[in-house]
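Structural description and commentary
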Amino acid sequence: MKKSEVPQDNGRVFEKGSRELYYAVDENGEYTTALSTGWDAKNIVQDHTMQEIQERIDTARAGVKAGHVSPIVYFMELRRMDWQIVSDYTGIWKWRVKRHAKPAVFERLSDKTLKKYADAFEISIDELRNYKGN
Amino acid sequence: MIQLAFEHQITAHCENGVASNLLKNKGLDISEPMVFGIGSGLFYVYLPFLKVNHAPGLSYRPAPGWIFNRLAKRLGLKIKRQKFSDKKKAQHVLDENLRRNIPCGLQVGVYHLPYFPEDYRFHFNAHNLVVYGKEGDQYLISDPTMEKVHRLSEPELEKVRFSKGVLAPRGHIYYPIDIPPTIDWEKAIKKAIKKTCNDMLAPVPIVGVRGMRMVARAIRKWPAKVGVKKANYYLAQMVRMQEEIGTGGGGFRYIYSAFLQEAGKKINHPELLGFSEEMTHIGDLWRDFAVEASRVYKKRSNHDDVYEKLSADLLHLADLEEAFFKRLKQVV
């Protein structure tokens, strides 16, 4: 890539006040560096990914509301986690986390267990327990 | 307040950047491309059985820490590394190092990094940054992928040092402790290039050009196998990994080209300059691949065709790189 071709298509990093460094060749074919504000190709896949994540969150929200899944599933999606990551943060085995995703099982969880989830999701126990998908 | 004399410099990739900035601080003037090249940073591995963000795993670089370790081995540097189970101790060691005038590299997770854009905050644990001072409970942070320096409070830093998930950093701290008075650059460069050639030509189906071919064959089947919606999501993750902040496809090829050019001049090996030019061209094609992939999200029709085309493009890249590394191996 030539230095003059380094894209300047304002992306997410730029919105947050920074730019990205590229290695590119100058007019004499020598490697040099240039700063980029972003690149459309990347913005597009980034936007698509965010849409998909939002869909997963919305599905989880609807699931909680309909009583199919417990709030753990919603907050897991909201925090961009999966079963394994929830398990790693809480120290609770994955198969148990999956069980706790059932509303009936979730209802019976102790405060001690709820606290582990609440900490992992960075919310209070009440927020977790009282989330109804609204 | 402690503020060490440390020059923050933005780089394309975090691990190279931390290594280059820390070594410069220690008196060894080494550029990011040289770190990347001598650390044999160019790599490709496909991990279909490992789901990352709900998509098949793909990595364009070796495991975190390897670039710096290989660099150290080839230049004869010594690096001190520590991991912790105790968070308090991890902070104590960092504070102690700062007091002793040692800027420290840290492996961190990006999900909880407050200065990162929301769209980049995933549970990715192989990010690197330097701590070069402390004021009150605020650490002074040089993140080499950022233009400016930042600050993180004690709890904020603890959170990112002890993020969980794949490749959890466990407080991983590292810094160079010894740099030899003389360095045999020619030997280091040649050895590193050979290693990269061997990695990319490895007789392992998921690694290097073979890995690229395996991905190319998989892409073609995605729409039929997992449905268009999921295929599009997989593809988005692939391109994200490929072009995320200076890493992966095009970005890494350009850094490697810059390395070949710098190395060719440094050890007076003009043939490497031609290889640099060729790799720059391959980098351009990787970026064309990303542009082609991004079209999937604009036009809704002809999905199978698009995936066929992408598959063919990736196979072509694998062919070009196979030929490239075979020839490169011959001249070093």
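Criteria and cut-off values
- Residues numbered from 1 in each chain as written.
- Chains lettered and ligands numbered in written order.
- Predicted model: local features only at pLDDT ≥ 70, side-chain atom pairs only at ≥ 80, totals over all residues.
- Helix = DSSP H or I, 4+ residues; strand = E, 2+ residues; numbered from the N terminus.
- Expected span 1.5 Å × (residues − 1).
- Buried ≥ 20, exposed ≤ 12 C-beta atoms within 10 Å, placed from the backbone.
- Arc of directions from axis to C-beta.
- Contact = placed C-beta atoms within 7 Å.
- Nonpolar A, V, L, I, M, F, W, Y, C, P; charged D, E, K, R; others polar.
- Core = buried A, V, L, I, M, F, W, Y, C linked by C-beta atoms within 7 Å.
- Domains from an automatic or database assignment.
- Pairing = 2+ DSSP bridges.
- Axes fitted to C-alpha atoms, helices over the stretch in contact; angles between N-to-C directions.
- Parallel < 35°, antiparallel > 145°, perpendicular 65-115°, else oblique.
- Left-handed = near helix turned anticlockwise from the far one by under 90°.

Another point: helix α4 (residues 87-99) of chain B. Residues and elements named next belong to chain B. For α4, built from 13 residues, the straight-helix expectation of 18 Å at 1.5 Å per residue is met to within 8% by its first-to-last C-alpha distance of 19 Å. For α4, the full list of buried residues reads Ala90, Leu94 and Leu98. Projection of α4 onto a plane perpendicular to its axis shows the buried side chains occupying an angular sector of 70°, all on one side. Exposed residues pointing more than 90 degrees away from the buried face of α4 are listed as Lys88, Lys89, His92, Glu96 and Arg99. Looking at the packing, one finds that the buried side of α4 touches β1 (2-3), β5 (104-108), β6 (127-135), α5 (154-161) and β9 (173-178). Looking at the residues trailing α4, positive phi occurs at Asn101, about 70°.

In this section: the interface of chain B and chain A. Contacts between chain B and chain A engage 37 residues on the former and 30 residues on the latter. Those elements giving two or more residues to the side of chain B that touches chain A turn out to be α8 (228-243), α9 (248-266) and α10 (271-295) of chain B. Tallying contributions element by element places α8(B) first for the side of chain B that touches chain A, with seven residues. Taken together, the residues of the side of chain B that touches chain A break down into 18 nonpolar, twelve polar and seven charged.

Attention now moves to the nonpolar core. Membership of the largest hydrophobic core comes to 104 residues, with the highest contact counts inside it found for B:Val131 and B:Ile255. Discounting residues that sit within four places of it in the chain, B:Ile255 has contacts with A:Tyr23, B:Ala12, B:His13, B:Glu32, B:Pro33 and B:Phe36. A:Val69, A:Val73, A:Ile85 and A:Tyr89 belong to the second largest nonpolar core, which has 19 residues in total.

Domains assigned within chain A are domain 1 (3-38) and domain 2 (48-129). Between the C-alpha centres of domain 1 of chain A and domain 2 of chain A there is a distance of 40 Å.

What follows is about unusual backbone geometry. For A:Arg80, which is not glycine, the phi dihedral falls at a positive 60°. On the secondary structure map, A:Arg80 appears in the loop between α3 (71-78) and α4 (83-90). A positive phi angle, near 45°, is found at B:Arg170, a position not held by glycine. Relative to the assigned elements, B:Arg170 resides in the loop between α5 and β9. Classification of B:Arg170 by C-beta neighbours within 10 Å gives partly exposed; the count is 17.

This next bit is on the pairing of strand β2 (residues 45-52) of chain B. Residue and element names in this part refer to chain B. Pairing between β2 and strand β3 (residues 55-59): five bridges, direction antiparallel. Each bridged residue has a counterpart across the sheet, and for Val45 the counterpart in β3 is Ser59. Once β2 ends, the chain turns through two residues before running back antiparallel as β3, passing Asn53 with a positive phi of about 50°.

Okay, the packing of helix α2 (residues 40-65) of chain A against α8(B) next. One can describe the packing of α2(A) onto α8(B) by two numbers: an axis separation of 9 Å at closest approach and a directional angle of 130°. What the angle tells us is that α2(A) and α8(B) run oblique. Our pair here, α2(A) against α8(B), has a crossing hand that is left-handed. Taken together, the residues of α8(B) that come into contact with α2(A) (itself represented by A:Ala41, A:Lys42, A:Val45, A:Gln46, A:His48, A:Thr49 and A:Glu52) are B:Asn232, B:Tyr233, B:Ala236, B:Gln237, B:Val239, B:Arg240 and B:Glu243.

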